[in-house]
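# Architecture and fold: a report
One letter stands for each residue in the lines below.
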Amino acid sequence: MAGNYNKVLLLGNLTRDIELRYLPNTNTPVAKIGLAVNRRFKTSTGEQREETTFVDCEAMGRTAEVMSQYLQKGRPVFIEGRLKLDQWEDKQTGQKRSKLLVFVEGFQFVDSGGGQSGGGGGGAGGGGARRGAYAGGPARSSAEAHEPIDEDDIPF
């Protein structure tokens, strides 16, 4: 059997503002992201329906910082990542818990049509104009983690 492959591509809207925290020992930025992905379809009777899938995502390092700085609740975003299984023990019951989430490896800003200024771009099928893309690099040191981002560093 060939090797394994774990890739997730999602286009949806943020369900809440991004929660940015820093790991205590390394001061590495970690972002918790809620994403809603809508699917429209016709039933066998011809009725139009829509279902929404809510996906928890997580980003680290520079990707987490950039997403937290430039994206807020309701904003559309295209996420590229991989499935990750989080496992922990419930502090109250002592039971083992787990959940699947998407670990963000890169993302693209998607124009929401809200008239925000910034670099335009070519059309992207069905999702509006593409504004920019960012794929995270290595995590920054703790001294760099809290510095504001210079305009020349913005990836769009």
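Overview of the structure. Here the structure is a predicted model, which means the values were calculated and not measured.

## Focus on the side chain of Thr-28
Looking at where Thr-28 falls in the secondary structure, it is placed in the loop between β2 (19-22) and β3 (29-42). Within the structure, the side chain of Thr-28 is placed 2.7 Å from the side chain of Thr-26, a separation counted as a polar contact.

## Description of the pattern of salt bridges
Side chains that carry opposite charge are capable of pairing whenever their charged atoms lie near each other. As enumerated under the stated definition, the model contains 14 salt bridges in all. When the shortest N-O distance is used, the salt bridge between Lys-32 and Glu-58 registers 3.6 Å. Of this pair, Lys-32 sits in strand β3 while Glu-58 sits in strand β4 (residues 48-60), placing them 26 residues apart in sequence. Each of the salt bridges in this network shares a partner with another, and the network as a whole consists of Lys-7, Glu-80, Arg-82 and Glu-105.

## Looking at unusual backbone geometry
One non-glycine residue, Asn-27, lies in the positive phi region at around 60°. One can find Asn-27 in the loop between β2 and β3.

## Remarks on the nonpolar core
Across soluble globular proteins, you tend to see nonpolar side chains buried next to one another. Grouped together as the largest cluster of nonpolar side chains are 22 residues, with contacts concentrated most on Ile-33, Leu-35, Cys-57, Met-67, Leu-71, Ile-79 and Phe-107. When residues of this core are traced back to their parent elements, those giving at least two are β1 (8-14), β3, β4, α1 (61-70), β5 (76-89) and β6 (96-110). If we ignore the near neighbours within four places in the chain, the residues touching Met-67 are Ile-18, Ile-33, Ala-59, Ile-79, Val-104 and Phe-107.

## Some points on the packing of aromatic side chains
Applying the stated criterion across every chain, the model contains two aromatic pairs. When the ring of Tyr-70 is compared with that of Phe-109, the centres are 6.2 Å apart and the planes differ by 90°; the resulting orientation is edge-to-face. Of this pair, Tyr-70 sits in helix α1 while Phe-109 sits in strand β6, placing them 39 residues apart in sequence. By relative accessible area, Phe-109 is classed as buried at 1%. Each ring, one from Phe-107 and one from Phe-109, has its centre 5.0 Å from the other, and the planes form 75°; the classification is edge-to-face. A relative accessible area of 3% places Phe-107 in the buried class. Aromatic ring contacts, followed pair by pair, group Tyr-70, Phe-107 and Phe-109 into a single cluster. For the cation-ring pair, Arg-39 lies above Phe-41, with the distance from its terminal atom to the ring centre recorded as 4.4 Å.

Cut-offs and rules
- Residues numbered from 1 in each chain as written.
- Predicted model: local features only at pLDDT ≥ 70, side-chain atom pairs only at ≥ 80, totals over all residues.
- Heavy atoms only, no water.
- Helix = DSSP H or I, 4+ residues; strand = E, 2+ residues; numbered from the N terminus.
- Polar contact = N/O pair within 3.5 Å; in protein donor to acceptor, adjacent residues only side chain to side chain.
- Salt bridge = Lys/Arg side-chain N within 4 Å of Asp/Glu carboxyl O.
- Core = buried A, V, L, I, M, F, W, Y, C linked by side-chain atoms within 4.5 Å.
- Buried < 20%, exposed > 50% of the residue type's maximum accessible area, 1.4 Å probe, protein only.
- Contact = heavy atoms within 4.5 Å.
- Phe/Tyr/Trp six-rings, centres within 6.5 Å; stacked < 30°, edge-to-face > 60°.
- Lys NZ or Arg CZ within 6 Å of the ring centre and 35° of its normal.

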